[in-house]
Amino acid sequence: MTAVDDQPAARTLRFPPGFRWGTATAAYQIEGGAQEDGRTPSIWDTFSRTPGRVLNGDTGDIAADHLHRMPEDVALMAELGLTDYRFSVSWPRVQPTGRGPAVQRGLDFYRRLTDRLLDAGIRPALTLYHWDLPQELEDAGGWPERETAQRFADYVAVVAEALGDRIPLWTTLNEPWCSAFLGYGSGVHAPGRTDPEAALRAAHHLNLGHGLAVGVLRELLPESAAVSLVLNLAAVRGASDAAADRDAVRRIDALANRIFLDPVFHGSYPRDLLDDTEEVTDWSFVRDGDLAEISRPIDMLGLNYYTPTVVAAAGPGHVPSGTPSPWPAADEAVRFLPAPGPRTAMDWPVDADGLAELLARLRRELPRTPLLITENGAAYHDYADPSGAVRDPERIAYLESHLAAVEQAIASGVDVRGYFLWSLLDNFEWAYGYGRRFGIVHVDFASQRRTLKDSARWYAALIAANRGQVPADGRRSRYRRGR
Ligand code: FCB
């Protein structure tokens, strides 16, 4: 039986010919093999080994064992009919300690993965940094240190030299907001620091690392390769239209969105961001020339979206939570409110309008930048029933409503080129360990057995229905090995 055999034809969500149908994953979340081939610890190895940091004390030591099961996983992707696959390279696997020459055995894994994908007619989309900073670089100061941006650029050169001829789409950073503000602000992600100034310094040095990486990629990649950045932009809504609530929206928009969009696309930091945070830092870590570096043109912007953000002015009597905040200088001014609606297992409200709002905004503000949805999906408490099936109707409903928002956005003129569902496999969900399942393929972590969930079959049927519209030749073959 193939993935689509037992599914009713997917509801008629229709996308333009050539639309990219993908799934996304990240190295630390699926690979395992944490100590193999000379890989050294990343900040996530250290963090997950620190008692109390990750639910149930889970680590990525084995994860979904993708390092050893990659051929089987690529075969699953082919069965689903994916046209594209987004994965990340583990920095400490290819350049242990974050400096010096590459480890060929580490790079070989990504060479084999790339070959397999191209042989299966699936375009690889490579993310250079999905949060696994080599621990030695954190020991030297991590992203709050300027030097880390240069180390990142050198690592990017290593990967681009090895794979540059075969990867058509490159992403520098995944969600630098999380790296900066969850890693160094609230401390709920690795490396677990709680220092608002460090978080802002980290944001700037991530931006700088991105810009330096774009420069390196432009030098080393063929012209046909596209370069992108992936942001988890926040769809920020005010609790009311009152001026004070609108100001709360402005503040959070600056710290979540414009802190990346403005330097990357306009070569400056927003004035209001600098003013709002002046008690925390004077921003003297921004040096002459940095903004020119950061604003090098990119070819595409990746958007990760899960749930909206609702804020209100703190108002009199507001008591800040007392726990370290990911929002420097905003804790006393802004309250975060739960959005209404059904929730996923992450307790994240399901609200596809947030995606529509972000896409409409990007069309207004960046009309010439093609967009990709580089992550979207939902966690539910999935299990295999006695017949072996994994029924996940809530996930299908989630995906359908969000894809409908994308379909609608395209119809209204937003240039969205593809959709990468998070995630292919159940995996190590950061601070939640294996306690949250985002996959459309169920993984039994004891046996590593993979089972297609109903949502995987639904997605495969949708892809098949849409790919039926395009000629079977041409487009994909350009990306085959040896092109
Ligand atoms: C995003 C991350 C990704 C995954 C999803 C659920 O913030 O980029 O690795 O954990 O959330």
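Residues numbered from 1 in each chain as written. Predicted model: local features only at pLDDT ≥ 70, side-chain atom pairs only at ≥ 80, totals over all residues. Heavy atoms only, no water.

## Concerning the sheet that holds strand β1 (residues 20-24)
Sheets are built from strands paired through backbone hydrogen bonds, the pairs being either parallel or antiparallel. Strands sit in the order β1-β2-β3-β4-β5-β7-β10-β11 around a closed barrel of eight strands; the barrel is parallel. Going across the sheet, the axis of each strand differs from the next one's by a mean of 25°, ignoring polarity. Two elements, strand β5 (residues 226-231) and strand β7 (residues 300-304), share four bridges in a ladder whose sense is parallel. Within β7, the residue paired with L229 across the bridge is L301. Helix-sheet contacts for helix α7 (residues 147-163) involve β3 (123-129) and β4 (169-174), and the interaxial angle to β3 is about 160°. (Pairing = 2+ DSSP bridges. Helix = DSSP H or I, 4+ residues; strand = E, 2+ residues; numbered from the N terminus. Axes fitted to C-alpha atoms, helices over the stretch in contact; angles between N-to-C directions. Contact = heavy atoms within 4.5 Å.)

## Observations concerning helix α13 (residues 353-365)
With 13 residues, α13 ought to run about 18 Å at 1.5 Å a step, and its terminal C-alpha atoms sit 18 Å apart, in line with that. Considered for burial, the residues of α13 that qualify are G354, L355, L358, L359, R361 and L362. Relative to the axis of α13, the buried residues are bounded by an arc of 160° and lie together on one face. Opposite its buried face, α13 presents the exposed residues D353 and R364, each directed more than 90 degrees away. Looking at the buried positions of α13, the neighbouring elements they touch are β6 (236-238), α10 (243-266), β7, β10 (371-375), α14 (393-411) and β11 (416-422). (Expected span 1.5 Å × (residues − 1). Buried < 20%, exposed > 50% of the residue type's maximum accessible area, 1.4 Å probe, protein only. Arc of directions from axis to C-beta.)

## Some points on the environment of L133
Mapped onto the elements, L133 comes out in the loop between β3 and α6 (135-139). Relative accessible area serves as the criterion here: at 0%, L133 is assigned to the buried category. Taking the C-alpha atoms as reference, L133 lies 9.4 Å from T148; in sequence the two are 15 residues apart. Residues within four places of L133 in sequence aside, it is in contact with S42, I43, W91, E138, G142, W143, T148 and Y184.

## Examining the side chain of D262
Here D262 lies in helix α10. D262 has contacts with G267, S268 and P270, leaving out every residue within four places of it along the chain.

## Some words on the nonpolar core
In this structure, W44, Y129, F152, W170, L359 and Y459 are the most contacted members of the largest nonpolar core, which totals 155 residues. It is helix α9 (residues 196-220) that contributes the most residues to this core, 12 residues altogether. What W170 contacts, discounting residues up to four positions off in sequence, is L126, L128, V159, A160, L163, G164, L217, L221, A225, A226, V227 and S228. (Core = buried A, V, L, I, M, F, W, Y, C linked by side-chain atoms within 4.5 Å.)

## Here's the deal with the sheet that holds strand β8 (residues 309-313)
An order of β6-β8-β9 is seen for the three strands of this open sheet, with the pairing classed as mixed. Each having just a single partner strand, β6 and β9 (334-337) make up the two edges of the open sheet. Recorded for the sheet is a direction-independent mean angle of 40° between the axes of neighbouring strands. One ladder, built from four bridges, connects β8 with β9; its direction is antiparallel. Each residue of the ladder has a partner; that of V311, found in β9, is F336. Those strands touched by α10 are β6, β8 and β9, and its axis lies near 130° from that of β8.

## Considering the site of the ligand
Q29, H130, W131, N174, E175, Y306, E375, W422, E429, W430 and F438 make up every residue found near the ligand. N174 is positioned with one of its side-chain polar atoms (N or O) 3.0 Å from an oxygen atom of the ligand. The separation between an oxygen atom of the ligand and a polar side-chain atom of E429 is 2.7 Å. Residues of the shell around the ligand, tallied by class, amount to five nonpolar, three polar and three charged. (Near = heavy atom within 4 Å. Polar contact = N/O pair within 3.5 Å; in protein donor to acceptor, adjacent residues only side chain to side chain. Nonpolar A, V, L, I, M, F, W, Y, C, P; charged D, E, K, R; others polar.)

## Observations regarding the side chain of T148
Structurally, T148 can be placed in helix α7. When neighbours within four sequence positions are excluded, T148 is seen to be in contact with W91, L133, G142 and W143.

## Notes on the packing of α14 against helix α15 (residues 454-467)
At their nearest, the axes of α14 and α15 sit 9 Å apart, and the two run at 30° to each other. Here α14 is positioned roughly parallel relative to α15, judged by the angle of their axes. Listed contacts from α15 to R395, I396, L399, E400 and L403 of α14 are D454, S455, W458, Y459 and L462. Grouping the amino acids of the contact of α14 with α15 by side-chain chemistry returns six nonpolar, one polar and three charged. (Parallel < 35°, antiparallel > 145°, perpendicular 65-115°, else oblique.)

## Quick word on the packing of aromatic side chains
Within this structure, the stated rule accounts for 32 aromatic pairs. Ring plane angle 65° and centroid distance 6.0 Å describe the contact between W143 and F152, whose orientation is recorded as edge-to-face. Owing to a relative accessible area of 0%, W143 belongs among the buried residues under this scheme. Between the aromatic rings of W348 and F438, the centroid separation amounts to 6.1 Å while the plane-to-plane angle is 50°, which identifies the pairing as tilted. With W348 in the loop between β9 and α13 and F438 in the loop between β11 and β12 (441-444), the pair connects residues that are 90 residues apart, well separated along the chain. Residue class for W348 comes out partly exposed when judged on its relative accessible area of 29%. (Phe/Tyr/Trp six-rings, centres within 6.5 Å; stacked < 30°, edge-to-face > 60°.)

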